[in-house]
Amino acid sequence: PRSTPLYSSAASDVYKRQIQHSSAFRRRRLLNWLPLGLTYAFLYMARYNIVAFKDVGGLSQQEFGNIDAIGSLVYGVSFLINGPLTDRWGGRVTILLAAGGALTVNTIIGVLIATGNMGSSPVVSLGALYALNMYFQSFGAVSIVKVNSGWFHLRERGVFGGIFGILISLGLYFAFDWGLRIGLALAPQWLFFIPAAILGLFWVLSFIWVRDHPSHAGFADFDAGDASSGDTGPRLDAATIIKRMLSNKIILIIAVIELCSGFLRQGILKWYRDFAKGVGIGDSFVYSHWGMVSCIAGITGGVFAGLISDHLFQSRRGPVSSVLYGVMVAGALAILAFLGYAGMVSWIIAFMAMAIIGVHGMLSGVASQDFGGKRNAGTATGIIDGFVYLGTALQAVVYGNFLPEKGSAAAKDPGNWIAWPGAMLPVAIIGMFFALKIWNARAGKHVAPAAKA
C-alpha cells in the first residue's frame, strides 16, 4: 500500500464524517462492550491464577514451566478450531462458552487441591486440567474481536482498542495482585474458586447484554470499512478462509510479530516476580503491586498506541508497533547493562510491559479486525493469537529450564539471570524488523464511511 501523510486536516475531516453514531447507539454499545470486556478481564484471573499458585509454593519453577507450555500450546492450536467457530456462531455464544468452560475447570482444580487428589505428579493432573481451561479460554479473545468488529468502524478501532485495553489490563491486576493476596490469606484452592464464582456472575451479565450486531439490539448495522467491506457473498468454509489468511503476506507478518510479542509479554509478566524475589527485593513496591503496575502499564500502552494509530498514523498499526518494539530493544539492552541493580531493573521491566502490551492490543485486538474483516475477524484473530501462544510456549520452555530455581542459592546472584534479558533481546530485534515491514500497511483499498446509527 502506498505511503500516506502522517496527519492532515483533510484526513481529520474524513475521520469525523465517518463516525456519526447517535448518542443512543453509543450508550447501547457501552452496555455491549463493558460486560464483555470485564468477562475477559476475569478470564485472565482464571488463567494467570496458576502463576499465583506457583508464587505461593504450589509448584516448582520447572513444573510451572511444563504446565504453562502445555496450556499455551493447547491455547494456540485451539484457535484454528475456535476462530472459525466464532465466525460461524458469533462472539456472544463463544464468550459464554469461554466463561462457562473456564469456571467449570477452575472449580474442578480447586476441588482437587482442597482434597489433595492431584495424584503423584501435579504436572500430569494440573497440566491436563490447565490445558482444558486454556481451550475454553481461547474463545475469549476471538469473541471480543468478533463482537466489536460489528460495533466499531475501522477509523475508531484504534482508540477503542486502547480503551478496551484498560479492561484487559484490569485482568492483570486481578490476576497478580488479587491472586497473590488470596494465596497468602486463604487456602490455595481459593485461587481457583474465587475466579470461578466471579465468572459465573459475568456469564449472566454477558448473556443479558452482549449482542453480536447492532441490529440485534435494535440499531442499524453499518459498513465497518475493513477488509470484508462490500463482501456479501456466501460464507466460505473454514479451510478455504484459513488458506486465504495464510496466503496474505500482511497477516503472516503480523503473526510473526505476535509470536515475538507472546514470548516477550509472558516472559515479563510471568517471571519478573521470580527474579525480584530471588535477588532479594521481594518487599519492593513493584513486586508487591506487580498486578497494579502491569495494569497501569497496559492502560498506558494501549491508550498511547490507540490514539496515535488512529489520529497520527491514520489507522495504520505498523508504525505504532515499530516504535513500541524499539522500546523493547532498548529495554532489553538496559536490563543487560543494569542487571546488578535490581531496583532499576524493576522499573525498566514495567516500562517494557507498557510497550509490549500496547503492541499486543494493536495487532491481536485491532489489526486482526482490519485485515481479517468483520466477516472473518474470528479466524484472523485465531491465526494471529495462535502465533502469540506459540511464542508463549517457547518462553515457558526456555525460562522454565534456564532460569535459576526460586529459593535456590543461584537465584540470589543477578548474574545467573542473564538468560532472562538475553533471550528477550534477539526476539525484540526480530519483532521490530517485521513491524517496520508493515509500516504503510492498511486494510482494504479504501476506508468506507460508517452509516448513522
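A quick note: this is a predicted structure, and the numbers were derived from the prediction, not measured. (Residues numbered from 1 in each chain as written. Predicted model: local features only at pLDDT ≥ 70, side-chain atom pairs only at ≥ 80, totals over all residues. Heavy atoms only, no water.)

## Observations concerning the overall build of the chain
What counts here: Going along the chain from the N terminus, every DSSP run of H or I of four or more residues is numbered as a helix, and every run of E of two or more is numbered as a strand. We call a residue buried when its accessible area falls under 20% of the maximum for its residue type, exposed when it is over 50%, and partly exposed in between, using a 1.4 Å probe and counting protein chains only. What makes two residues a contact is simply this: any of their non-hydrogen atoms within 4.5 Å. Only the protein chains shown count as cover for residues, with accessible areas throughout obtained via the Shrake-Rupley method and a probe of 1.4 Å.
From N to C terminus, the chain includes 16 helices and zero strands. Across the 453 residues in the chain, those meeting the buried criterion constitute 59%. Within the chain, contacts between residues at least 6 apart in sequence are counted, and of these 86% link residues at least 24 apart. For the chain, the exposed surface amounts to about 16500 Å²; the carbon and sulfur share of it is 69%.

## Quick look at helix H7 (residues 190-209)
Here is the rule we go by: Helices are assigned an expected span. That span is 1.5 Å times one less than the residue count.
A rise of 1.5 Å per residue sets the reference length of H7, with its 20 residues, at 28 Å; its end C-alpha atoms lie 29 Å apart and thus fit the reference within 8%. Within H7, burial applies to Leu191, Phe192, Pro195, Ala196, Ile198, Leu199, Phe202 and Ser206.

## Section: the packing of helix H13 (residues 318-337) against helix H16 (residues 419-437)
So the rule is basically this: For helices, the fitted axis covers only the stretch in contact; all axes are lines through C-alpha atoms, and the angles between them, taken along N-to-C directions, range from 0 to 180 degrees. Orientation categories follow fixed angle ranges, with anything under 35 degrees roughly parallel, anything over 145 roughly antiparallel, 65 to 115 roughly perpendicular, and all other angles oblique. Two helices cross in a left-handed way if the nearer one is turned anticlockwise from the farther one by less than a right angle. They cross in a right-handed way if the turn is clockwise. The residue classification treats Ala, Val, Leu, Ile, Met, Phe, Trp, Tyr, Cys and Pro as nonpolar and Asp, Glu, Lys and Arg as charged. All others, Gly included, are polar.
As a packed pair, H13 and H16 sit with axes 8 Å apart at the nearest point and diverge in direction by 160°. Taken together, the axis directions place H13 and H16 in an arrangement best described as roughly antiparallel. Considering the relative orientation of H13 and H16, their crossing is left-handed. Judged by residue contacts, Gly318, Ser321, Ser322, Tyr325, Gly326, Met328, Val329, Ala332, Leu333, Ile335 and Leu336 of H13 engage Pro421, Gly422, Met424, Leu425, Val427, Ala428, Ile429, Gly431, Met432, Ala435 and Leu436 from H16. Residue classes in the contact of H13 with H16 are distributed as 16 nonpolar, six polar and no charged.

## Overview of the nonpolar core
Just so we agree on the cut-off: Residues belong to one nonpolar core when they are buried, are Ala, Val, Leu, Ile, Met, Phe, Trp, Tyr or Cys, and are joined through side-chain atoms within 4.5 Å.
Counting residues in hydrophobic clusters, the biggest one holds 121 residues, and the most contacted among them are Ile349 and Trp420. When residues of this core are assigned to their parent elements, the largest contribution, 16 residues, is made by helix H2 (residues 23-55). Sequence-distant contacts of Ile349, that is, excluding residues within four places in its chain, are made with Ile268, Tyr272, Trp290, Ile335, Trp420 and Met424.

## Comments concerning helix H3 (residues 61-89)
Our working rule: Note that the bend at a residue is defined as the angle between axes fitted to the seven residues ending at it and the seven residues starting at it.
The terminal C-alpha atoms of H3 lie 39 Å apart, and with 29 residues this matches the ideal 42 Å at 1.5 Å per residue to within 8%. At Phe79, H3 shows its maximal bend, which comes to roughly 40°. Of the residues trailing H3, Gly90 is marked for its positive phi of about 95°.

## Examining the confidence of the model for the chain
This is how the line gets drawn: Predictor confidence is given residue by residue as pLDDT, running from a minimum of 0 to a maximum of 100.
Residues of the chain with pLDDT of at least 70 account for 84%, and the chain-wide mean is 83. Long-range and interchain partners of residues 1-17, a stretch whose pLDDT sits below 50, account for 24 contacts in this model, where long-range means more than four residues apart. Here residues 445-453 scores under 50 on pLDDT; set against residues more than four positions off or in separate chains, the count is 30 contacts.

## What about the side chain of Arg265?
The condition is simple: Pairs of N or O atoms within 3.5 Å make up the polar contacts considered here, provided that, within protein, one atom can donate a hydrogen while the other can accept it, and that residues adjacent in sequence are counted only when both atoms are side-chain atoms.
Note that Arg265 resides in helix H9 (residues 249-269). Residue classification places Arg265 among the buried residues on the basis of a relative accessible area of 4%. Here Tyr44 takes part through its side chain, which lies 3.2 Å from a polar atom of the side chain of Arg265. For Arg265, the contacting residues outside a window of four places in its chain are Tyr44, Tyr48, Ile356, Ile357, His360, Val388 and Tyr389.

## Quick word on the pattern of salt bridges
Side chains bearing opposite charge may pair, as long as their charged atoms lie close to each other. Heads up, the rule is: Any Lys or Arg side-chain nitrogen found within 4 Å of a carboxyl oxygen on Asp or Glu counts as a salt bridge.
Under the criterion given, the structure shown has five salt bridges. Residue Asp55 pairs with Lys54 through a salt bridge whose shortest N-O separation is 3.9 Å. We classify Asp55 as buried; its relative accessible area is 15%. The exposure class of Lys54 is buried, given its relative accessible area of 0%. Here the residues in one salt-bridge network are Lys54, Asp55 and Asp274, joined through shared partners.

## A look at the packing of aromatic side chains
The criterion, for reference: Whether two aromatic rings pair depends on their centres lying within 6.5 Å, for rings of Phe, Tyr and Trp, where Trp uses its six-membered ring; planes under 30 degrees apart make the pair stacked, over 60 edge-to-face, and the rest tilted. Here, over-ring charges are defined by two tests on the NZ atom of lysine or the CZ atom of arginine: distance to the ring centre within 6 Å, and angle to the ring normal within 35 degrees.
One pass over the structure, following the stated rule, counts 27 aromatic pairs. Measuring from centroid to centroid gives 5.4 Å for Tyr135 and Phe136, while their planes differ by 70°, and the two rings are edge-to-face. Connected via pairs of aromatic rings, a cluster forms that spans Phe42, Tyr173, Phe174, Trp178 and Phe202. One residue, Arg47, lies across the ring of Tyr44, its end atom 4.7 Å from the ring centre. Stacked on the ring of Phe207, the Lys or Arg Arg92 has its end atom at 4.8 Å from the ring centre.

## Regarding the environment of Phe434
On the secondary structure map, Phe434 appears in helix H16. Every residue in contact with Phe434, bar those within four places of it in the chain, is listed here: Ile253, Val256 and Ile257.

## Some words on a nonpolar patch on the surface
In plain terms, the rule: To count toward a patch, a residue needs a relative accessible area over 30% and no salt bridge; like charges are then connected within 9 Å, while nonpolar side chains (Val, Leu, Ile, Met, Phe, Trp, Tyr) are connected within 5 Å.
Taken together, the side chains of Leu31, Trp203, Val204, Phe207, Ile208 and Trp209 present a nonpolar region at the surface, about 510 Å² in accessible area. At five residues, the largest contribution of residues to the nonpolar patch is made by H7. Mapping Ile208 onto the fold places it in helix H7.

## Observations concerning the environment of Leu184
Tracing the backbone shows Leu184 in helix H6 (residues 154-185). Residues Leu184 and Asp55, 129 residues apart in the sequence, show an inter-C-alpha distance of 9.7 Å.

## Let's talk about the environment of Ser309
As for its placement among the helices and strands, Ser309 is situated in helix H12 (residues 290-311). Here Ser309 falls in the buried class, since its relative accessible area comes to 0%. With 53 residues separating them along the chain, Ser309 and Met362 place their C-alpha atoms 8.5 Å apart.

## Here's the deal with the side chain of Arg273
You can see Arg273 is positioned in helix H10 (residues 272-278). Polar side-chain contacts of Arg273 include one of 3.0 Å to the backbone oxygen of Tyr287. The residues contacting Arg273, other than those within four sequence positions of it, are Asp55, Phe176, Asp177, Leu180, Tyr287, Ser288, Trp290 and Gly291.

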